[in-house]
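Listed here are the chains, written in short residue letters.
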Protein chains: 2
Amino acid sequence: MRAGPSQEDIRRHNLGALLRHVHLGGPISRAELTAKMGLNRSTIMALTSDLTAAGLVREELPRETGRAGRPSLVVRPESSRVYVFAFDVGPDRLAAARVGLGGAILDRRETARRRGPFDLDELAGTLAGFARQMRRKTRADTVCVGAAAAVSGGVRKADGVIMFGPNLGAEAVPFGEELGRRLGLGLPVSVGNDANLAALAEHSRGVAVGVRDLIYLHGDVGIGGGIITGGHLLGGHDGYGGEVGHMVVNPGGQPCGCGSRGCLEAEVGERALLEAAGRVAARGDGGAAAFDGDRVAVDGAGRQGRDAVRAVVDAADRGDIVAQEALKRVGGWLGLGVANLVNIFNPEMVIFGGMLREVYLGSAAQVRSRLATNAMGPQRERLRLRTSALADDATLVGAAELAFAHVLADPLEVLARVTG
Amino acid sequence: MRAGPSQEDIRRHNLGALLRHVHLGGPISRAELTAKMGLNRSTIMALTSDLTAAGLVREELPRETGRAGRPSLVVRPESSRVYVFAFDVGPDRLAAARVGLGGAILDRRETARRRGPFDLDELAGTLAGFARQMRRKTRADTVCVGAAAAVSGGVRKADGVIMFGPNLGAEAVPFGEELGRRLGLGLPVSVGNDANLAALAEHSRGVAVGVRDLIYLHGDVGIGGGIITGGHLLGGHDGYGGEVGHMVVNPGGQPCGCGSRGCLEAEVGERALLEAAGRVAARGDGGAAAFDGDRVAVDGAGRQGRDAVRAVVDAADRGDIVAQEALKRVGGWLGLGVANLVNIFNPEMVIFGGMLREVYLGSAAQVRSRLATNAMGPQRERLRLRTSALADDATLVGAAELAFAHVLADPLEVLARVTG
C-alpha cells in the first residue's frame, strides 16, 4: 500500500525491463522494443543509449533487412563482456560456469563429488579454483557482475545459509559467505535450492517459457520441487517452499532420510527404484535410522546415481520384467504425488528433471493412469506433462539467472558499483 | 516486461492505495497517511479531496487530540453510503449481506439450504430476494458498487462458472450471470471459491493480517483450501488452485465423492468423523459410486452438518471414549495433510475454519504430533496454527472484499460508472 513510483523508479524499471528483453529474448530491434514495451521511440533510444554507455548492450545495423528505408538498429547483449559465475553443488557433482549476459554458457568446469559429509573448505575451494581458472582465460575488459550457487538442500531466505541438505550431508552451512570469501571478487554469492533454480531456468529459457503456473520435480538421491504460481517462485515464509519430496504419499511405507516414512522421496527416489529392481538390498526394518547411515546405493555392477537409474530404464526397455515392475511401482507413486500437486496447484505444466526425467519416460503410462484416477477433471484437463529441456544444465542456468537478477533490477547502479 | 506506469496510472494507483488504507484500516489522519504512503502532504490532500468529491470518503476533525496546534483531519470511509452485496452459497446455508466500504456488515439475511441438487432458479431467486429486501431499507443516497458470491465449488477463472461443486450438486453452472440478471443492478457478480475467499478475508481482516504465506483449511461436507503465497492468492492456471481436500493422504482408504479413495476430505470431512464416532453407518464397499448418491449424513439424533460435528466434539469433552477415538483418528489424518502442506508451502500460518475449527480444537494434540513426525524441522519451526477469527462470516467477508476489489483498483472510474 505504498505510494506509486517516482520518475527515478520508472527509469530504473524501464532500463531493467529493456535489459531483460535483450537478456532473455536475444538481439531485438529498437522498433520491436518500442512495440513490446509500449513506450515511444525517443524513450527507447534514451534507454538503449544509457545501457550502451554502461557497456551492457551494443547497437548494430541489422545484417539484412530486405526492406526499403532506414533499418531499425538491433540491440544486443554484451555477452562476452558482462558475465556471472554460476555454481552447482549436487549429491554427485560440483559444477561451475561462466555465463554471459544473454544466458550463454561461455566456459565450464565440472567434477564428480563423492557422496558423504559436506566439507565446506574442500567444496568452496574446488569451486573457487574453477572460477579462477575460467577468469584467467577472459579478456581484460570483461566484468563479472554477480555470482550464485544452486545447492541440493533447503536454503534460509534471510541469509542464504544451507539449513538442511541431507543428500549433501549439510546442516546450517554458511556456504555462500565462504564461497564469496574464496572467490575474492568483492561480490556476494546468492544461494538457492537447486530445484527452485531449475524451475526458474525452465521458466526463463526452457520448456516453460510463458507458463505462469508450473511444478518442476527434480530427482537425484532425493526429490526436490520448484513451484511457480502466477509467475512467481513459491518461496514460503523462510525460503523452504517446494519441498514436495517429503509429502507423505504412502503412510507407513518406506523409511525416509528425514525420519518419516512413505515420503514421495522414499517411494520414488533413486534408492526406491534400485531396491524395487532388486539391484540394491532393501532398507531393513531398522527403518529411517538404519537407512540414514547408508545413503549411497551402489548396484551390483558398481553403478550409482544416474547411471544406475539409467541401467534400470534400459533394462525395462529391453524387456527385463523385474525392471519393468520396478518402474511401474515407482511410476505409480510418482503419479499419485503429481496428482496431489495438480489438485493443490492446478498448474499448467509439470516438468520432470534430473533422474525423474528417465523415470517418467519409463513410466509415463502409470503416471497418467494415476492422474486420471486421483486428479480432478477440471484441474488436469489442460495440464501438460513435460521433461526438462535444459536437462543437467537447468540448475546452472537457474543459478546464473539468480546472479543476474540484481543487474536486471537496477542495471546502472550495479554497473557503477562493479566498475567504479 | 511492459514499460513503467504513466502519470495517470500513478494517480489511479495512489487513489486506490489511499482508499485501501481507509477501507482496511479504518479512520486515519492525513498525517498518518502521509507517513504510511511516503507521499508529501499536498499530494495526500489532493487525493483525499478527489475521493471526497467522489463520495467515497469524508474528512472530519478528530474528536480529541490532546496536542497543541492544528490537528490533522481524519479520513473516514463513507461506510453507510457506499456498499456491496456479498453472497454465500454453502452446502447448508444461503446467506446475503450488505457490506459497507470499510468492511462493516450493515445488514444480512440467511436461510438454511437443504442438501441436494443445485437449483439455479431457486438459489438465485432467494439470494436476489434477500438483496431486494435489504436494498429497500437503504437511504436514497446510498450506492451499490459491486456484488460477489462465495460458493462451495471450483470456479473457472475465465468466466466465473461453477465448474464443479459436488457438495452443492453443481456442475458447469453460470451462477454469477444468473444472479446478476436477477439482481437487476446493472452490475456483474464476481464468483469465487468459498475457501479462497475466506482465506482472503482472514488475510485482510482476520487472524492473518500481515501474514504473507498462509493456508486456510475450510471444512463442511468437504474440505476446501485457500492458499496465499507471498501475499497472493494461489489461483492456478484455470482458477482451481487450493483444492487440498483431494490430496490423497491414505491410499486405498475411505471412498471419496470425487471417485478416488483416501482423499483428505474422505478421511477428515464431516462424514468421516460421524462414521468414526459410530453416529452414521459406514460407507459400504460399494465405494465411491454408492457413496456419491448418499451425501447427507444424519446422526441418530437427527442432527446433520455442523451440529452433528459439534455433538461429537462435545461428547469427547465429556469423556465419551468412542467420540475421543474418532477425533483422534480424524485428527491424525488432518495432521498428516497439514504436514504435507507445510512441507510443500513453508507457510507462516495454518488456519482452521468451518467445521475444522471444532475438529482442530478437539484434536490439536494429534495434529501437532503428526506435524512433529512428518513436517521438516525448519519448515515448522516458526509455524503458527490458528482457528478462523471470522468464523462463519469469513466467506461473506471474503466475498465483500472480492466485490470491492475493482473499486480499490480504480476508485474514480467505478464511481463515475455507477453514479453516472
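Residues numbered from 1 in each chain as written. Chains lettered and ligands numbered in written order. Predicted model: local features only at pLDDT ≥ 70, side-chain atom pairs only at ≥ 80, totals over all residues. Heavy atoms only, no water.

A few points about the domain arrangement of chain A
A common way to report how large an interface is uses the accessible area buried once the components associate. All names here are of chain A. Counted only if it meets this: An automatic or database domain assignment provides the domain bounds reported here. A contact between two residues is defined here by any heavy atoms of the two lying within 4.5 Å. As used here, buried area is the combined drop in accessible area, with a 1.4 Å probe, of two parts when they are placed together. Just to be clear on terms, a salt bridge is a Lys or Arg side-chain nitrogen sitting within 4 Å of an Asp or Glu carboxyl oxygen. Each polar contact in these results corresponds to two N or O atoms within 3.5 Å; when the atoms are within protein, one needs to be able to donate a hydrogen and the other to accept it, and residues that are neighboring in sequence are counted only if both atoms are side-chain atoms. Helix and strand definitions follow DSSP, with helices as H or I runs of at least four residues and strands as E runs of at least two, each counted in order from the N terminus.
Examined at the domain level, chain A breaks down into domain 1 (7-65 + 72-77), domain 2 (82-198 + 395-419) and domain 3 (209-388). Each partner contributes residues to the interface: domain 1 has 14 residues there, and domain 2 has 13 residues. Area buried by domain 1 at its contact with domain 2 is led by Arg12, His23 and Leu56, which between them contribute 48% of it. Residues arginine 12 and aspartate 410 are paired through a salt bridge, measuring 3.3 Å at the closest nitrogen-oxygen approach. Our enumeration of links across domain 1 and domain 2 arrives at 3 residue pairs in polar contact (both at pLDDT 80 or more). For the side of domain 1 that touches domain 2, the elements supplying multiple residues, two or more each, are helix 1 (7-25) and helix 3 (41-53). In terms of residue count, helix 1 provides more of the side of domain 1 that touches domain 2 than any other element does, 8 residues in total.

Points about the sheet that holds strand 10 (residues 170-173) of chain A
All names here are of chain A. Condition: Paired strands, in this sense, are two strands between which DSSP finds at least two bridges.
A sheet is described by the order of its strands in space; here 3 strands give the open sequence 8-9-10, paired in antiparallel fashion. What marks the edges here is a single partner per strand, and that holds for strand 8 (154-155) and strand 10. Here strand 9 (residues 162-165) pairs with strand 10 via 3 bridges, running antiparallel. In the sheet register, phenylalanine 164 faces strand 10, and the bridge partner there is glutamate 171.

A word on the environment of Arg182(B)
All names here are of chain B. Note the threshold: With a 1.4 Å probe rolled over the protein chains alone, any residue whose accessible area is under 20% of its type maximum counts as buried; one over 50% counts as exposed, and the rest are partly exposed.
Secondary-structure assignment places arginine 182 in helix 5 (residues 175-183). For arginine 182, a relative accessible area of 27% puts it in the partly exposed group. With 56 residues separating them along the chain, arginine 182 and threonine 126 place their C-alpha atoms 9.8 Å apart. Residues in contact with arginine 182, not counting those within four places in the same chain, are Asp121, Ala124, Gly125, Ala128 and Arg132.

Considering the relation of the copies chain A and chain B
For the record, the criterion: Least squares is used to superpose the copies, and the fit set is the C-alpha atoms of residues whose pLDDT is at least 70 in both copies.
After a rotation of 180° and a shift along the axis of 0.0 Å, chain A superposes on chain B with an RMSD of 0.0 Å. The relationship between the two copies is best expressed as a two-fold rotation axis. Taking the C-alpha atom as reference, chain A places Val249(A) closest to the rotation axis, 3.1 Å from it. In this assembly the copies share their binding face: 100% of the residues contributing to the interface of chain A also contribute to that of chain B.

Re the interface of chain A and chain B
To keep things clear, this is the line we draw: Gly falls in the polar group here, along with every residue not listed as nonpolar (Ala, Val, Leu, Ile, Met, Phe, Trp, Tyr, Cys, Pro) or charged (Asp, Glu, Lys, Arg).
Taken residue by residue, the interface counts 54 residues in chain A and 54 residues in chain B. Taking both sides of the interface into account, the surface hidden between chain A and chain B amounts to around 4,700 Å²; carbon and sulfur atoms contribute 58%. Applying the counting rule to chain A against chain B returns 2 salt bridges. Inspection of the region where chain A meets chain B yields 26 residue pairs in polar contact (both at pLDDT 80 or more). Breaking the side of chain A that touches chain B down by element, the ones donating at least two residues are helix 1, helix 2 (30-37), strand 13 (223-229), helix 11 (321-345), helix 12 (355-374) and helix 13 (377-380) of chain A. Here the residues of the side of chain A that touches chain B sort into 25 nonpolar, 21 polar and 8 charged.

With respect to the nonpolar core
The following threshold applies: Take the buried Ala, Val, Leu, Ile, Met, Phe, Trp, Tyr and Cys residues and link them wherever side-chain atoms come within 4.5 Å; each set so joined is a nonpolar core.
Ranked by size, the top nonpolar core spans 92 residues in total, and within it Leu217(A), Phe345(A), Phe352(A), Leu217(B), Phe345(B) and Phe352(B) carry the most contacts. Leaving out residues up to four positions away in the same chain, Phe345(A) has contacts with Ile215(A), Ile227(A), Thr229(A), Leu234(A), Leu234(B), Gly236(B), His237(B), Gly241(B), Ile344(B) and Phe345(B).

Notes on the environment of Cys263(A)
Residue and element names in this part refer to chain A. Along the chain, the position of cysteine 263 falls in the loop between strand 14 (232-233) and helix 7 (264-268). Considering only alpha carbons, one finds cysteine 263 and glycine 25, 238 residues apart in sequence, at a separation of 39 Å. Not counting residues within four places of it along the chain, the set of residues in contact with cysteine 263 comprises Gly245, His246, Met247, Val248, Val249, Cys256 and Cys258.

Some words on the side chain of Glu243(A)
Here Glu243(A) lies in the loop between strand 14 and helix 7. Setting aside anything within four residues of it in sequence, one finds Glu243(A) in contact with Gly154(A), Phe164(A), Asn193(A), Asn343(B), Ile344(B), Met376(B) and Gln379(B).

Thoughts on the sheet that holds strand 1 (residues 28-29) of chain B
Residues and elements named next belong to chain B. Applied cut-off: Axis definition: a line fitted to C-alpha atoms, limited for helices to the stretch in contact. Angles are taken between N-to-C directions and run from 0 to 180 degrees.
Taken in spatial order, the 3 strands of this open sheet run 1-3-2, and their pairing is antiparallel. Since the sheet does not close on itself, it has two edges, and those belong to strand 1 and strand 2 (57-60), each with one partner. Bridge count between strand 2 and strand 3 (residues 74-77): 4 bridges; the pairing is antiparallel. Bridge pairing in strand 3 links glutamate 59 to valine 75. Sheet strands in contact with helix 1 (residues 7-25) are strand 1, strand 2 and strand 3, and its direction is about 75° off that of strand 3. Across the sheet, helix 3 (residues 41-53) is in contact with strand 2 and strand 3; its angle to strand 2 comes to roughly 120°.

Description of the packing of aromatic side chains
How we decide: Note on aromatic pairs: the rings of Phe, Tyr and Trp (six-membered ring only in Trp) are paired at centre separations within 6.5 Å, and the planes decide the class, stacked below 30 degrees, edge-to-face beyond 60, tilted for the rest. We call a charge positioned above a ring when the Lys NZ or Arg CZ atom is no farther than 6 Å from the ring centre and deviates by at most 35 degrees from the ring normal.
Enumeration over the complete set of coordinates arrives at 11 aromatic pairs over all chains. When the ring of Phe118(B) is compared with that of Phe175(B), the centres are 5.9 Å apart and the planes differ by 85°; the resulting orientation is edge-to-face. Separated by 57 residues along the polypeptide, Phe118(B) in the loop between strand 6 (105-112) and helix 4 (120-136) and Phe175(B) in helix 5 bring together distant segments of the chain. Its relative accessible area of 12% is what places Phe118(B) among the buried residues. Using a relative accessible area of 0% as the deciding quantity, one classes Phe175(B) as buried. Ring-pair connections join several aromatic residues into one group, and the members of that group are Tyr83(A), Phe85(A) and Phe87(A). The residue whose ring lies beneath Arg370(A) is Trp333(A), and the NZ or CZ to ring-centre distance is 5.9 Å.

Thoughts on the pattern of salt bridges
In a structure, side chains of opposite charge can pair up when their charged atoms sit close to one another. Residues and elements named next belong to chain A. Scanning the entire structure with this criterion turns up 59 salt bridges over all chains. For aspartate 141, the salt bridge is made with arginine 139, and the minimal N-O distance between the two is 3.2 Å. The exposure class of aspartate 141 is partly exposed, given its relative accessible area of 36%. A salt bridge links glutamate 275 to arginine 271; the nearest nitrogen and oxygen atoms lie 3.0 Å apart. Of this pair, glutamate 275 and arginine 271 both sit in helix 8 (residues 270-276), 4 residues apart, which is roughly one turn of the helix. For the pair formed by glutamate 275 and arginine 271, the shared burial category is buried. Salt bridges linked by common partners bring Asp88, Arg93, Arg108, Glu110 and Asp393 together as one network.

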